[in-house]
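Here are the chains, one letter per residue:
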Amino acid sequence: QQVEGLPPVDAGAMGKLRASLAAVRPHEGAEALPTELGTILAIPRVQEALSLVALHELPDEVLLLVVGELFTGGTSQRQAQAFMTAVLLVKVQRLAQPASRALLSAILKACKDHPRAAIHHLILPLLAVEQAASAQVEVITRITKESLVGHQRLQLLSALLEAGPGVRGGGLTLGGVAVLHALVNLKMPVGAEVLAKFVQVVDESCVALRASLKFSSLVLSILSHHGRQLAPHAAQLQQVAATLETGLKKPIQTMANKLAPG
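Tallying secondary structure elements over the protein gives 13 helices and two strands in all. Along the three orthogonal principal directions, the C-alpha set of the protein runs to about 75 × 40 × 30 Å. Across the 262 residues of the protein, 49% fall into the buried class. Taking the intrachain contacts of the protein between residues at least 6 apart in sequence as the baseline, contacts between residues at least 24 apart amount to 77%. For the protein, the accessible area works out to roughly 12,200 Å², and carbon and sulfur atoms hold 54% of it. Of the charged side chains in the protein, 23 are positive and 19 negative; the average position of the first set lies 9 Å away from that of the second.

As structure tokens, then:
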């Protein structure tokens, strides 16, 4: 990341640090990490430095050691954002199979320490693709459940509903459905304005996803968890239920009909 007015990154020093890190074996402890690693986040062009060192190419077990070394409570928001973008985002985007236990531990640790950076520089970019793969969605749902707390989860929910990543062309992607479902199942209090937006997004998505069991499950969960709060949207939800083409259509219709006045 080029930032005007900041001194250039010492590419030679970053190359040496990269070589030192590459020599660390997965079974070794934090004491095997090079001492120079501790200063990388203090480099003004920190995202560029992180990319040059190629932390995203390290074995998962070594990356876990790196996260433990760098995320010790003194990491700034700017540094965390750079780490999410240059390291964790690249690492997760390249997953072709479920993340290892070590990688998940590294991600959850970093995201718990800096949840805002996790939302805007890891989760939302991962969902910005047309269809996030199951490995990426699994990572996001684990972050949602294990690294975020109440108000942070609500921030993520609001960001997803405001036609952001996971909502494309007025409708949800299946990745967005999975993450929203995970959020709904956490049973957090949701205000009337957010619920109205939720119903709007579901309504806009129902034709394209009418045969998706995952989407129907999301609609059923919304009705189950928020009940009478959804009464102002009864007619809209009845229309959604009528559009569905899955085995959950009838129970969803029954619940939507109960919300209607009279």
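And the narrative resumes.
Along the chain, His233 turns up in the loop between helix H11 (213-226) and helix H12 (234-243). Classification of His233 by relative accessible area gives buried; the value is 15%.

Locating Val92 in the fold gives a position in helix H4 (residues 77-93). Sequence spacing of Val92 and Ile140 is 48 residues, and the spatial spacing of their C-alpha atoms is 9.7 Å. Those residues in contact with Val92 that sit more than four places away from it in its chain are Ile107, Leu126, Gln136 and Val139.

In total, this model carries five salt bridges according to the counting rule given. The closest approach of N and O atoms between Arg210 and Glu245, which form a salt bridge, is 3.2 Å. Of the two residues, Arg210 is situated in the loop between helix H10 (192-205) and H11 and Glu245 in the loop between H12 and helix H13 (249-259); the sequence distance between them amounts to 35 residues. Judged by its relative accessible area of 32%, Arg210 is partly exposed.

Attention now moves to unusual backbone geometry. Generally, phi is negative for residues other than glycine and the peptide bonds are trans, each holding for most cases. Despite not being glycine, Ala54 has its phi angle at roughly 60 degrees, a positive value. Relative to the elements of secondary structure, Ala54 occurs in the loop between helix H2 (46-53) and helix H3 (60-70). Non-glycine residue Lys187 carries a positive phi angle of around 55 degrees. With respect to the secondary-structure elements, Lys187 resides in the loop between helix H9 (174-185) and H10. Owing to a relative accessible area of 61%, Lys187 belongs among the exposed residues under this scheme.

Its location among the elements puts Ile40 in the loop between helix H1 (11-22) and H2. For Ile40, a relative accessible area of 1% gives the class buried. Residues Ile40 and Leu126, 86 residues apart in the sequence, show an inter-C-alpha distance of 25 Å. Residues contacting Ile40, with those up to four places away along its chain left out, are Met14, Leu17, Val46, Ala49, Leu50, Val53 and Leu70.

Any aromatic ring pair is given by two values, namely how distant the centres are and how the planes are angled relative to each other. All told, the structure shown has one aromatic pair when counted by the stated rule. Ring centres 5.1 Å apart and planes at 75 degrees place the aromatic pair Phe71 and Phe83 in the edge-to-face group. One end of the pair, Phe71, is in the loop between H3 and H4; the other, Phe83, is in helix H4, with 12 residues separating them in the sequence. Like Phe83, Phe71 is buried.

Attention now moves to the nonpolar core. By size, the foremost hydrophobic cluster in this structure holds 92 residues, and its most contacted members are Ile40, Leu50, Val66 and Phe83. The leading source of residues in this core is H4, at nine residues. Excluding anything up to four places from it in sequence, Phe83 contacts Leu50, Leu55, Leu63, Val66, Val67, Leu70, Phe71 and Leu88.

Direction vectors running N to C along H4 and helix H6 (residues 115-127) enclose 30 degrees, while the axes themselves pass 9 Å from each other. As far as their axial angle goes, H6 and H4 are roughly parallel. Our pair here, H4 against H6, has a crossing hand that is right-handed. Seen from H4, the contacting residues are Gln77, Ala80, Gln81, Met84, Thr85, Leu88, Leu89, Val92 and Gln93; seen from H6, they are Arg116, Ala117, Ala118, His121, Leu122, Pro125 and Leu126. Split by residue class, the contact of H4 with H6 holds 10 nonpolar, five polar and one charged.

Calculation rules
Once a new chain begins, its residue numbering starts again from 1 and follows that chain's sequence as written. For this predicted model, a pLDDT threshold of at least 70 governs which residues receive local features, and a threshold of 80 or more governs which side-chain atom pairs are given and counted, while totals over whole chains, interfaces and linings are taken from all residues. For side-chain calculations, the full set of non-hydrogen atoms in the structure is used, while hydrogens and water are omitted. Numbering of helices and strands starts at the N terminus; helices are DSSP runs of H or I of at least 4 residues and strands are runs of E of at least 2. With a 1.4 Å probe rolled over the protein chains alone, any residue whose accessible area is under 20% of its type maximum counts as buried; one over 50% counts as exposed, and the rest are partly exposed. Here a residue-residue contact requires only that any non-hydrogen atoms of the pair lie within 4.5 Å. Method for areas: the Shrake-Rupley scheme with a 1.4 Å probe, in which residue coverage is limited to the protein chains shown. For the charge count, each Lys or Arg is scored as positive and each Asp or Glu as negative, with His and the chain ends excluded. Charged side chains are reduced to one point each, which is NZ for Lys, CZ for Arg, CG for Asp and CD for Glu. The term salt bridge refers to a pairing of a side-chain nitrogen on Lys or Arg with a carboxyl oxygen on Asp or Glu at a separation within 4 Å. Stacked, tilted and edge-to-face are the three classes applied to pairs of Phe, Tyr and Trp rings, where Trp contributes its six-membered ring and a pair requires centres within 6.5 Å; stacked means planes under 30 degrees apart, edge-to-face means over 60, and tilted covers the rest. Nonpolar cores are built from buried Ala, Val, Leu, Ile, Met, Phe, Trp, Tyr and Cys residues. Side-chain atoms within 4.5 Å join them into one set. Helix axes are fitted to C-alpha atoms over the stretch in contact, other axes to C-alpha atoms as well, and angles between N-to-C directions run from 0 to 180 degrees. Roughly parallel refers to an angle under 35 degrees, roughly antiparallel to one over 145, roughly perpendicular to one between 65 and 115, and oblique to any angle outside these ranges. By convention the crossing between two helices is left-handed if the near helix lies anticlockwise of the far one by an angle smaller than a right angle, and right-handed if it lies clockwise. Each residue gets one label: Ala, Val, Leu, Ile, Met, Phe, Trp, Tyr, Cys and Pro are nonpolar, Asp, Glu, Lys and Arg are charged, and the others, such as Gly, are polar.

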